[in-house]
Amino acid sequence: MTASEQNDRDPKDNTEAEAVRQARLWIDNGWTARVVKNEDDDGWAVEMIRHGEPEPALVGPWTMGRDKKNPKPLDVSAFNTLVKTAAEVIRRHEQHLHALHHKNVVVAAPAGRINVTLDIVPDEDDPHALLAAHDAFGVRLAQVRVGAGFKLNATSAGAWIADDFRRPG
(Lines give C-alpha, C1' and ligand atoms only; values in the text may rest on other atoms or scores of the structure.)
Protein backbone atom coordinates (compact mmCIF):
# COMPACT_ATOMS: atom_id res chain seq x y z
CA MET A 1 0.00 0.00 0.00
CA THR A 2 1.38 3.39 -0.94
CA ALA A 3 1.74 6.27 1.51
CA SER A 4 -1.06 8.11 -0.29
CA GLU A 5 -3.38 5.10 0.04
CA GLN A 6 -2.57 4.86 3.75
CA ASN A 7 -3.33 8.56 4.25
CA ASP A 8 -6.67 8.21 2.42
CA ARG A 9 -7.68 5.05 4.25
CA ASP A 10 -10.56 5.26 6.70
CA PRO A 11 -9.27 4.53 10.24
CA LYS A 12 -12.64 2.97 11.15
CA ASP A 13 -11.88 0.22 8.64
CA ASN A 14 -8.49 -0.55 10.22
CA THR A 15 -9.01 -3.94 11.80
CA GLU A 16 -5.55 -5.33 11.14
CA ALA A 17 -2.86 -5.06 13.79
CA GLU A 18 -0.33 -3.24 11.62
CA ALA A 19 1.09 -0.03 12.97
CA VAL A 20 1.47 3.01 10.74
CA ARG A 21 3.81 5.79 11.81
CA GLN A 22 3.83 8.63 9.35
CA ALA A 23 4.11 12.39 9.69
CA ARG A 24 0.34 12.94 9.38
CA LEU A 25 -1.06 9.48 10.13
CA TRP A 26 -0.27 7.36 13.16
CA ILE A 27 -2.12 4.10 13.77
CA ASP A 28 -1.31 1.99 16.82
CA ASN A 29 -2.88 0.34 19.88
CA GLY A 30 -6.47 0.68 18.66
CA TRP A 31 -6.19 4.41 17.87
CA THR A 32 -5.63 6.55 14.80
CA ALA A 33 -4.20 10.07 14.91
CA ARG A 34 -4.64 12.00 11.70
CA VAL A 35 -3.38 15.53 11.08
CA VAL A 36 -5.82 17.36 8.82
CA LYS A 37 -6.24 20.85 7.43
CA ASN A 38 -8.20 22.95 9.94
CA GLU A 39 -11.47 23.89 8.26
CA ASP A 40 -11.84 27.02 10.41
CA ASP A 41 -8.54 28.70 9.56
CA ASP A 42 -5.19 28.31 7.80
CA GLY A 43 -3.79 26.00 10.48
CA TRP A 44 -3.86 22.29 11.13
CA ALA A 45 -5.86 20.02 13.43
CA VAL A 46 -5.40 16.52 14.75
CA GLU A 47 -8.24 14.05 15.14
CA MET A 48 -8.08 11.00 17.38
CA ILE A 49 -10.31 8.09 16.44
CA ARG A 50 -10.71 4.94 18.51
CA HIS A 51 -10.95 2.00 16.13
CA GLY A 52 -14.51 0.88 15.58
CA GLU A 53 -15.98 4.28 16.46
CA PRO A 54 -17.81 6.35 13.83
CA GLU A 55 -16.63 9.76 15.09
CA PRO A 56 -13.37 11.15 16.45
CA ALA A 57 -13.10 11.15 20.23
CA LEU A 58 -10.97 14.28 20.10
CA VAL A 59 -10.30 17.01 17.55
CA GLY A 60 -7.93 19.83 18.41
CA PRO A 61 -5.46 22.30 16.95
CA TRP A 62 -2.12 20.98 15.79
CA THR A 63 1.23 22.75 15.88
CA MET A 64 2.72 24.26 12.74
CA GLY A 65 6.13 23.08 11.64
CA ARG A 66 9.21 25.25 11.39
CA ASP A 67 8.28 26.42 7.89
CA LYS A 68 5.01 27.87 9.27
CA LYS A 69 3.09 26.23 6.40
CA ASN A 70 3.07 22.51 7.10
CA PRO A 71 2.11 20.70 10.29
CA LYS A 72 4.63 19.42 12.78
CA PRO A 73 5.02 15.66 12.19
CA LEU A 74 3.45 13.20 14.62
CA ASP A 75 5.83 11.29 16.87
CA VAL A 76 5.51 8.61 19.52
CA SER A 77 5.41 11.06 22.42
CA ALA A 78 2.70 13.22 20.84
CA PHE A 79 0.70 10.14 19.85
CA ASN A 80 0.82 8.71 23.38
CA THR A 81 -0.28 12.05 24.84
CA LEU A 82 -3.13 12.26 22.33
CA VAL A 83 -4.26 8.70 23.16
CA LYS A 84 -4.26 9.52 26.88
CA THR A 85 -6.24 12.73 26.31
CA ALA A 86 -8.77 11.12 23.95
CA ALA A 87 -9.30 8.18 26.32
CA GLU A 88 -9.96 10.65 29.15
CA VAL A 89 -12.52 12.50 27.00
CA ILE A 90 -14.32 9.21 26.33
CA ARG A 91 -14.19 8.24 30.02
CA ARG A 92 -15.69 11.58 31.09
CA HIS A 93 -18.40 11.31 28.44
CA GLU A 94 -19.30 7.81 29.65
CA GLN A 95 -19.40 9.02 33.28
CA HIS A 96 -21.67 11.91 32.27
CA LEU A 97 -24.07 9.56 30.44
CA HIS A 98 -24.08 7.20 33.41
CA ALA A 99 -24.90 10.07 35.76
CA LEU A 100 -27.75 11.18 33.47
CA HIS A 101 -29.26 7.70 33.23
CA HIS A 102 -28.70 6.37 36.77
CA LYS A 103 -30.01 8.14 39.85
CA ASN A 104 -29.73 6.99 43.44
CA VAL A 105 -31.19 8.17 46.74
CA VAL A 106 -31.10 6.65 50.24
CA VAL A 107 -34.22 6.93 52.36
CA ALA A 108 -34.63 6.21 56.08
CA ALA A 109 -37.71 3.97 56.44
CA PRO A 110 -39.24 2.13 59.42
CA ALA A 111 -37.59 -1.09 58.15
CA GLY A 112 -34.18 0.63 57.89
CA ARG A 113 -32.26 2.44 55.20
CA ILE A 114 -33.51 1.78 51.69
CA ASN A 115 -31.50 2.55 48.58
CA VAL A 116 -33.80 3.64 45.74
CA THR A 117 -32.41 3.70 42.20
CA LEU A 118 -33.75 4.96 38.91
CA ASP A 119 -32.23 3.53 35.73
CA ILE A 120 -33.37 5.32 32.58
CA VAL A 121 -33.56 3.22 29.42
CA PRO A 122 -33.17 5.69 26.51
CA ASP A 123 -34.91 3.48 23.92
CA GLU A 124 -36.06 5.40 20.82
CA ASP A 125 -39.28 3.39 20.51
CA ASP A 126 -40.06 2.85 24.18
CA PRO A 127 -38.17 5.14 26.58
CA HIS A 128 -38.78 4.18 30.20
CA ALA A 129 -37.06 3.80 33.53
CA LEU A 130 -36.78 1.13 36.20
CA LEU A 131 -37.40 2.25 39.76
CA ALA A 132 -35.94 -0.19 42.28
CA ALA A 133 -35.51 -0.44 46.02
CA HIS A 134 -32.79 -2.37 47.86
CA ASP A 135 -32.25 -2.90 51.57
CA ALA A 136 -28.99 -2.18 53.38
CA PHE A 137 -27.68 -5.63 52.36
CA GLY A 138 -28.38 -5.09 48.65
CA VAL A 139 -31.44 -7.35 48.55
CA ARG A 140 -33.97 -6.05 46.05
CA LEU A 141 -37.25 -5.22 47.74
CA ALA A 142 -39.16 -4.05 44.68
CA GLN A 143 -38.83 -2.93 41.08
CA VAL A 144 -41.37 -1.19 38.86
CA ARG A 145 -41.36 0.33 35.43
CA VAL A 146 -42.01 4.08 35.30
CA GLY A 147 -41.92 6.81 32.68
CA ALA A 148 -38.50 8.02 31.54
CA GLY A 149 -39.36 11.46 32.94
CA PHE A 150 -39.88 10.20 36.49
CA LYS A 151 -38.12 12.51 38.97
CA LEU A 152 -36.32 10.62 41.70
CA ASN A 153 -35.70 12.52 44.91
CA ALA A 154 -36.06 11.80 48.63
CA THR A 155 -39.72 12.84 48.60
CA SER A 156 -40.76 10.71 45.60
CA ALA A 157 -38.75 7.74 46.91
CA GLY A 158 -40.30 8.07 50.37
CA ALA A 159 -43.80 8.27 48.88
CA TRP A 160 -43.15 5.16 46.80
CA ILE A 161 -41.93 3.23 49.84
CA ALA A 162 -44.90 4.44 51.94
CA ASP A 163 -47.27 3.27 49.18
CA ASP A 164 -45.86 -0.29 49.52
CA PHE A 165 -43.82 0.03 46.31
CA ARG A 166 -46.88 0.36 44.06
CA ARG A 167 -46.17 1.87 40.66
CA PRO A 168 -46.28 5.64 40.98
CA GLY A 169 -49.13 7.26 39.05
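This one's a predicted model, so the numbers in the text were calculated from it and none came from an experiment.

Across its full length, the chain carries three helices and nine strands. The order of α-helices and β-strands along the chain, N terminus first, is α-β-β-β-β-β-α-β-β-β-β-α. Each of the 169 residues in the chain was classed as buried or not, and the buried ones make up 34%. Partitioning the contacts of the chain with sequence separation of at least 6, the portion at a separation of at least 24 is 31%.

Ordered in space as β6-β7-β8-β9, the four strands form an open sheet in which the pairing is antiparallel. Unpaired on one side and paired on the other, β6 (102–109) and β9 (140–147) mark the two borders of the sheet. For this sheet, the mean inter-axis angle between neighbouring strands, taken without regard to orientation, is 20°. Two strands pair when backbone bridges link them, and β6 and strand β7 (residues 112–121) are joined in this way by eight bridges, in the antiparallel orientation. Considered in β7, the bridge of Val 105 is made with Val 116. Docked against the sheet, helix α2 (residues 76–101) engages β6 and β7, running at close to 45° with respect to β6. Together, β6, β7, β8 (128–134) and β9 form the strand contacts of helix α3 (residues 154–162), whose direction differs from that of β6 by roughly 60°.

Glancing now at the pattern of salt bridges. Tallied over the full model, the rule gives seven salt bridges. Where Arg 34 meets Glu 47, a salt bridge forms, and the shortest distance between an N and an O atom there is 3.7 Å. Here Arg 34 is found in strand β3 (residues 31–37), whereas its partner Glu 47 is found in strand β4 (residues 44–50), with 13 residues between them in sequence. Both residues of the pair, Arg 34 and Glu 47, count as buried. Asp 163 is paired through a salt bridge with Arg 166; the nearest N and O atoms lie 2.9 Å apart. Overall, the relative accessible area of 34% leaves Asp 163 in the partly exposed class. Here Arg 166 falls in the partly exposed class, since its relative accessible area comes to 48%. Shared partners join several salt bridges into a network, and the residues in it are Glu 88, Arg 91 and Arg 92.

Thresholds, definitions, all that
- Residues numbered from 1 in each chain as written.
- Predicted model: local features only at pLDDT ≥ 70, side-chain atom pairs only at ≥ 80, totals over all residues.
- Heavy atoms only, no water.
- Helix = DSSP H or I, 4+ residues; strand = E, 2+ residues; numbered from the N terminus.
- Buried < 20%, exposed > 50% of the residue type's maximum accessible area, 1.4 Å probe, protein only.
- Contact = heavy atoms within 4.5 Å.
- Pairing = 2+ DSSP bridges.
- Axes fitted to C-alpha atoms, helices over the stretch in contact; angles between N-to-C directions.
- Salt bridge = Lys/Arg side-chain N within 4 Å of Asp/Glu carboxyl O.

Any functional reading would require information beyond the geometric quantities listed.
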